[in-house]
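As a plain string of letters, each chain reads:
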Amino acid sequence: MRRSLIQHVENKFLRQDLTQFRTGDSVRVHWKVKEGEKERVQAFEGVVIRKTKGTNRATFTVRKMSFGVGVERIFPIHSPRYEKIEVLTRGDVNRKRLFYLRDLKGKASRVDVQVDPERAAKKAAKLAAAAAQG
């Protein structure tokens, strides 16, 4: 009884407009920042290195390099504080947690990009059309 009441209350606060992304994807999180009386939207762009499970307690960690220093930030998935999450590239990884990226520097810290078959076919058709014309 008690568990179902808690779940009922928590379900009211779950976001319905979730963006589908995985570990290894490059994302841009538009986070609402309150400074004094004003509120603005600040983008945080990086690679998702971890996603935790849970209903309303689920989080994801984004890592980026800022002036040679690694910065990680943990965002709650169901928070009303972010405006939207944009997926920039899909990562091709076989792990759920990419903590090994913390030790890598430069080009070694890049994540392989997953090739989208539809996008690759469109690009090939466009190149073939350009070659046929010129």
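Residues numbered from 1 in each chain as written. Predicted model: local features only at pLDDT ≥ 70, side-chain atom pairs only at ≥ 80, totals over all residues. Heavy atoms only, no water.

- Taking an unreviewed UniProt entry as the reference, the chain is identified by name as Large ribosomal subunit protein bL19 belonging to Corallococcus terminator.
- UniProt, in its Function (unreviewed entry) section for the chain, records the words "This protein is located at the 30S-50S ribosomal subunit interface and may play a role in the structure and function of the aminoacyl-tRNA binding site." (UniProt positions renumbered as here; feature names shortened; annotations may be inferred.)

1. A closer look at the packing of aromatic side chains
Link 1 in the chain: One pass over the structure, following the stated rule, counts four aromatic pairs.
Link 2 in the chain: Arranged with centres 5.1 Å apart and planes meeting at 55°, the rings of Trp31 and Phe75 form a pair that is tilted. Of this pair, Trp31 sits in strand 1 (residues 26-35) while Phe75 is found in strand 4 (residues 69-76), placing the two residues 44 residues apart along the sequence.
Link 3 in the chain: Looking at Trp31, the relative accessible area reads 12%, which means it is buried.
Link 4 in the chain: Three or more aromatic residues joined by ring pairs make a cluster, and in this case those are Phe21, Trp31, Phe44, Phe60 and Phe75.
Link 5 in the chain: We note Arg15 situated over the ring of Tyr82; from NZ or CZ to the ring centre the distance is 4.0 Å.
Link 6 in the chain: Positioned above the aromatic ring of Phe21, the side-chain terminus of Lys51 is 4.3 Å from the ring centre. (Phe/Tyr/Trp six-rings, centres within 6.5 Å; stacked < 30°, edge-to-face > 60°. Helix = DSSP H or I, 4+ residues; strand = E, 2+ residues; numbered from the N terminus. Buried < 20%, exposed > 50% of the residue type's maximum accessible area, 1.4 Å probe, protein only. Lys NZ or Arg CZ within 6 Å of the ring centre and 35° of its normal.)

2. A word on helix 2 (residues 117-133)
Link 1 in the chain: Its 17 residues place the ends of helix 2 25 Å apart at the C-alpha level, agreeing with the 24 Å of an ideal helix rising 1.5 Å per residue.
Link 2 in the chain: The buried count for helix 2 comes to zero of 17 residues, which makes it a mostly uncovered element. (Expected span 1.5 Å × (residues − 1).)

3. Description of the nonpolar core
Link 1 in the chain: By size, the foremost hydrophobic cluster in this structure holds 14 residues, and its most contacted members are Val27, Val29, Phe60, Val62, Phe75 and Ile85.
Link 2 in the chain: If sequence neighbours within four positions are ignored, Phe75 has contacts with Val29, Trp31, Phe44, Ala58, Thr59, Phe60 and Val62.
Link 3 in the chain: In this structure, Val47, Ile49, Val93 and Leu98 belong to the second largest nonpolar core, which totals six residues. (Core = buried A, V, L, I, M, F, W, Y, C linked by side-chain atoms within 4.5 Å. Contact = heavy atoms within 4.5 Å.)

4. Comments concerning the sheet that holds strand 4
Link 1 in the chain: Reading across the sheet, the five strands line up as 4-3-2-1-5 and stay open at both edges, with antiparallel pairing between neighbours. Both outer strands of the open sheet, strand 4 and strand 5 (82-89), are each paired with one neighbouring strand and no more. Across the sheet, the mean angle from the axis of one strand to that of its neighbour is 40°, orientation sign disregarded.
Link 2 in the chain: Examined bridge by bridge, strand 2 (residues 38-51) and strand 3 (residues 59-66) share four bridges and lie antiparallel to one another. Within strand 3, the position partnered with Val47 by the bridge is Arg63. (Pairing = 2+ DSSP bridges. Axes fitted to C-alpha atoms, helices over the stretch in contact; angles between N-to-C directions.)

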